Each structure stands twice: as C-alpha cells, then as structure tokens.
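Chain by chain, the residues run as shown.
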Amino acid sequence: MSVISSMSGIQAAADHLTHDGVVFLSCIILVGLFALQHSGTHRVGFLFAPIVLIWLISIMIIGLYNTIIWNPKIVSALSPYYIVKFFRETGKDGWISLGGILLSVAGTEAMYADLGHFSAFSMRITFAFVVYPCLVIQYMGQAAFLSKNLDSIPNSFYSSIPDGVYWPVFVIATLAAIVGSQSIITATFSIVKQCNSLGCFPRVKIVHTSKHKGQIYVPEINWILMILTLVVAIGFQDTTLIGNAYGLACMTVMFITTFLMTLVIIFVWQRSLVFAAAFLLFFWFIEGLYLSSAAIKAPQGGWVSLLLSFILLAVMLVWHYGTRKKYKYDLHNKVPLKWILGLGPSLGIVRVPGIGLIYSELVTGVPPIFSHFVTNLPAFHNVVVFICVKSVPVPYVSSDERFLIGRVGPKPYRMYRCIVRYGYKDAQQDTGNFEDLLIQSLAEFIQMESVEPQLSSPNSSSLDGRMAVISTNLQTHSPFIIDDEDFETCSTIQSSKSLTLQSVRSSYDDGNHENRKRRVRFNLPENSGMDPEVRDELIDLVQAKEAGVAYIMGHSYVKARRSSSCWKKFVIDVAYSFLRKNCRASAVALNIPHISLIEVGMIYYV
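A brief structural summary. This is a predicted model, so every value here is computed, not measured.

1. Details of the pattern of salt bridges
Counted by the stated rule, this structure contains five salt bridges. The shortest N-O distance in the salt bridge between Glu449 and Arg407 comes to 2.4 Å. Note that Glu449 is positioned in helix H16 (residues 431–451) and Arg407 in strand E5 (residues 403–407), a separation of 42 residues in sequence. Arg414 is the partner of Asp540 in a salt bridge, and the nearest nitrogen-oxygen pair spans 2.9 Å. Placement of the pair is Asp540 in helix H18 (residues 532–547) and Arg414 in the loop between E5 and strand E6 (415–423), with a sequence separation of 126 residues. By relative accessible area, which is 30% here, Asp540 ends up partly exposed.

2. Some words on H18
Within an α-helix, residues lying three or four positions from one another point in the same direction, as the helix has 3.6 residues per turn. Given a rise of 1.5 Å per residue, 16 residues ought to cover 22 Å, and the 22 Å separating the end C-alpha atoms of H18 matches this to within 8%. Those residues of H18 not exposed but buried are Val534, Glu537, Leu538, Leu541, Val542, Ala544, Lys545 and Glu546. Note on H18: the residue one or two positions beyond its end, Gly548, has a positive phi of about 130°.

3. Description of the sheet that holds strand E10 (residues 549–559)
The seven strands are arranged E7-E5-E6-E4-E3-E10-E11 in an open sheet whose pairing can be described as mixed. The sheet terminates laterally at strand E7 (468–470) and strand E11 (597–605), the two strands that pair on one side only. If you compare each strand with its neighbour and ignore which way they point, the axes differ by 30° on average. The pairing of E5 with E6 spans five bridges and is antiparallel. In the strand pairing of E6, Arg407 is matched with Tyr416. Packing of H18 onto the sheet brings it into contact with strand E3 (350–359), strand E4 (379–392), E5, E6 and E10, and relative to E3 it is tilted by some 80°.

4. A look at the packing of helix H9 (residues 166–197) against helix H10 (residues 219–236)
The interhelical angle for the contact between H9 and H10, taken along N-to-C directions, is 135°, at an axis separation of 10 Å. Classified by the interaxial angle, the pair formed by H9 and H10 is oblique. Where H9 crosses over H10, the two elements pack in a sense that is right-handed. Residue-level contacts link Ile185, Thr188, Phe189 and Val192 of H9 to Ile221, Asn222 and Leu225 of H10. Partitioning the contact of H9 with H10 into residue classes produces five nonpolar, two polar and no charged.

What counts, and at which threshold
Residues numbered from 1 in each chain as written. Predicted model: local features only at pLDDT ≥ 70, side-chain atom pairs only at ≥ 80, totals over all residues. Heavy atoms only, no water. Salt bridge = Lys/Arg side-chain N within 4 Å of Asp/Glu carboxyl O. Helix = DSSP H or I, 4+ residues; strand = E, 2+ residues; numbered from the N terminus. Buried < 20%, exposed > 50% of the residue type's maximum accessible area, 1.4 Å probe, protein only. Expected span 1.5 Å × (residues − 1). Pairing = 2+ DSSP bridges. Axes fitted to C-alpha atoms, helices over the stretch in contact; angles between N-to-C directions. Contact = heavy atoms within 4.5 Å. Parallel < 35°, antiparallel > 145°, perpendicular 65-115°, else oblique. Left-handed = near helix turned anticlockwise from the far one by under 90°. Nonpolar A, V, L, I, M, F, W, Y, C, P; charged D, E, K, R; others polar.

Purely spatial values, then, with no claim about function.
So this is what it looks like as structure tokens:
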C-alpha cells in the first residue's frame, strides 16, 4: 500500500499514465526489493535513517507551508473540543470513519520492528519528538489545503506539494516507502525465526547476512511474502481496499497486544489486579471503537487479513500439536535405566572407538531410538552422550550457561547427558567448535564430579545423575593441554586405516573450507597429580574424540492411531506430515555434517 501510494505521484504529474501502469511500476519495485533481501541490509542500512529523517522533515516543512499559505486557523484543530463536536454532529458516520482515520497513523508502528537494534528509550524519544510532531504538522497542512481545494481530495498529498519541490519529494517518498517495506520484511524474518526457535513454526532456512545477529534472511518466507504482496497489489489495485485489510490487521494486533501487556503487568511487573484491569479497560475501550469500525469493512478487503491470519494460525497449531504429540510419545516410551544397567558396561554389544551423540528432545531418561539402535546393530561407541537442544525464551544465552552436563548410569558405562541451551536470537553454527566445547565441558564435569561426588548417583538404578552448568570457555579451568592446529595438516582422516574412508573424508573436507580453519587437540599433562580413575576416564574421552564423532538422530514418521478420529488423522497424517516433509530437516537446522550423521528410522503412533 505504501509503495502504490508513493508511486501514484507519477500519475498525478503525468495524466496519460493509467492506474494499471502505476500498479505495474509498483510491482517492479516490490520484486526488486524482495530480490535484494538475500544480500542483507547491512550494505545499505546506513541510508535508512537519513532517508526517513529527510522524509519526516520534508513533510513537516510542506505541512507548515500549506498551513501558512492556505488556512492558518487550522491550528485550532489541536483542541479536543473539535473531536467531540465531530462525533456529536456525525454520529454513526463518524464512528464508521474511524477505520479510515486509523490509516493516518498506521505504519508508524513499523519503527518498533527495530527494537532489536535500538533501545526502548531511544524509540520513545524519536516517536515523541520527531515522528509525532512531523505527522501532526503534515496533516494540519493537508487539512488547510483541502479547506480551500475540495476537488483535490482523491490525491491530497501530492496536490498539496509546491511545484518547485514536487519531484524531489516524490523521490524521497518512494525511498521512504521502500524503507518502510524493508522494516516489515525484516520484522517478519525475525518473528518467524523466534517462532521457529520456540517450536511454534516449521523449520526454515535462516541465513545470517552479516556479523550482526539481528540481520537475517529467510528465503522461503521472503518468496512467499513476495507472492502474497504481488497478489494483493494486482488483485485489489485500489489502496482503499488494501487499507481496509491493513487497518483491520493493525487494530487487531493492537487489541491483542494490550491484553498481553496486561499479563506482563500482572506476572512480570507484579502490579495489582485493579491496576491491570484499569489499564485493560481504558485502552480496550479506545481500541474497541477503532476495531469495530475496521471490522465492518471486512467484506471490502478486510477479509484478506482474516484469511491469512487463519492460514498462519492453522499452520502453527498443526506444527505445535504434532510436535507435542511426538514429544509425549518419546516421554512415555523412554527406555528405563534398569534395562540399560542390566546390560552391563558393554551394553551387551561391542563398544567401538569413538563418540556417539544421540539427539533427543528428552531432558531425562533414555530416548527410544537408543534401544532401537542397540537391538538392531551389534556395536556402539565407547562414549555415549545424549544431546538435548533446547531454545529458552530469552534472546541470548551466555557461553557460561550454555551447557548443562550430567552422567547417565555408573562411570564404567561412559554415558553422559548434555542439555544445550540457545536463546531465540542465538546462532547455532560451527559444528567443529561445538564438538570441542562439548569435549571440554565433559572433561570439566568429570573433574568436578571427583571433587563433588553428589553430582553423580552411582548407586541409583532408576535416576540420572545430577546435572551441572559447565562453562564453554576452552581456556578456563581446563584439565587438558589445548593446542590449536591447522585442520589441513592434522586431519582426522590420518587416524583412519580405511583408504576409502580417507578419500571420502578428504573430498568432504575439500568442499567445506569452513571446517578446515582450525582443529583443537586435547592432551593430558604427564604429572598432574590427578586421581587415577578420573585420568583413565579423561584418556578414554580423548581417545574417543580422536577416533571420531558420530551424530545419531531419529528419522521419524508420525502417524495417527487407527482408533483416532478422522479429524486427528487428517491433522497428523496429512497436514503435519506435509509440513514435516517440506520443512528443513532437524539435522540441517542443527548444522550436523552429513558424513557423520546416522539416522534411525522410527514410527510414532500418536
């Protein structure tokens, strides 16, 4: 809507250009805007603030000019008396007009999409002392112009611009519309990433376009958003219909946000229920008037917002429902530790060199894929680590609180549990570094456990050992001598006796330059005065790391039980299955190298 509105300035200056031509030019700009998203905003982001500032100053100057030239008495409209008089004389028509009045300020909330990059205080100062005054002065100027030129209502903004500055203002208006659209696109990427991290949206590809964590690019969402934008622009063409859809969406968001803010007042700020209720009723009364006015325009374009909201809500509900059902299946079918303890330290099979990282969503117990793996294959790794990756509802998790380490079973079993915690803005990257940090954290836990025996429960046959938060700093309290080496000169393929494996691993390393930058080698000091049992366990850990790391994940198929209702079968077997097949695999999302990945097929009947 903002791009079409800004491009309508060409039609105002060139009478021969039709409205279809304006829509066509707008679509070209929109396609170009979405096509440039993959390169990130950091290259041109420094221009955004000057463009918006020049735009606000320009419309403020034009507003002052029109107020002085056409009708200086318009400043009396700042008095609240006239809004009371307006509703008293117009009645129902005045209430209906609230939906259109809303659009005079709609769009300014897009600046709050930048809250991830600026402080809340700076946003308040900017809005109160820059954005709000410029908008008020501009609208006063338009009202002053229209009071003497009623025939210019259809295109009041461009008609009110003096001829000498018409084209410079048109250029600035177009650039400001593009910047505003960019803010909405960026905010969409950020919201989708956060919903993805919280398990409320299917996994999508997230590309970090710069060193700044907030600047991301989501290809699937970008192209879907472009298609929807073009469909709305070409299908409606009229900015009034698009404005009805936008106004209904905007007011619905404000209405819901007020309710959520009430929960913040009660549970976060710990204020009284009376204060929260007064806040809710006061703002809901005002917003309810605007929302009801916008809702009656649902047949005139507002239905688009409702339809898109329903589709997105359905996708999120189906994904969340299926994911929770799968998690509950794992929870109810986890392997009892008594069964594992009965197998003995060898787990009833041959223990081969290496580390096996078993990924699961369970934070306690042994996932069913482990028993499925053990009963179908005759060998398993000397060191077993159950990995659980959790996204916590905070932006970032510091490195000192990233890993939560514990032991599973007695020490001779060499089985551990690691809960890796990420904030919804943290980037899960660099697999090689993750392995090094994990080994270092396990070593620190083993050393800490010898000092604090209460961390483990060797005599327990049903419970896991207690877990401890381990810092992921490679140089802090390390029991190892850590050497950084070039990955090319000290490759893991040298320790392999298989020529075939060497050639495969070599070709993999050649195609992945990021994994060739550095490699950490762990060595134990000769005379450290360390407990012999602890030293033996650390030696086993180092030797397993040198032998290689394998990532074991479940390749799951979720199906509804035969006794389930038709509705549940449709949600699980059709909708959720479609989303799982067409979203990114969890191994790709977690940056797991394919050459080290082992997938265990599992069927979940939920």
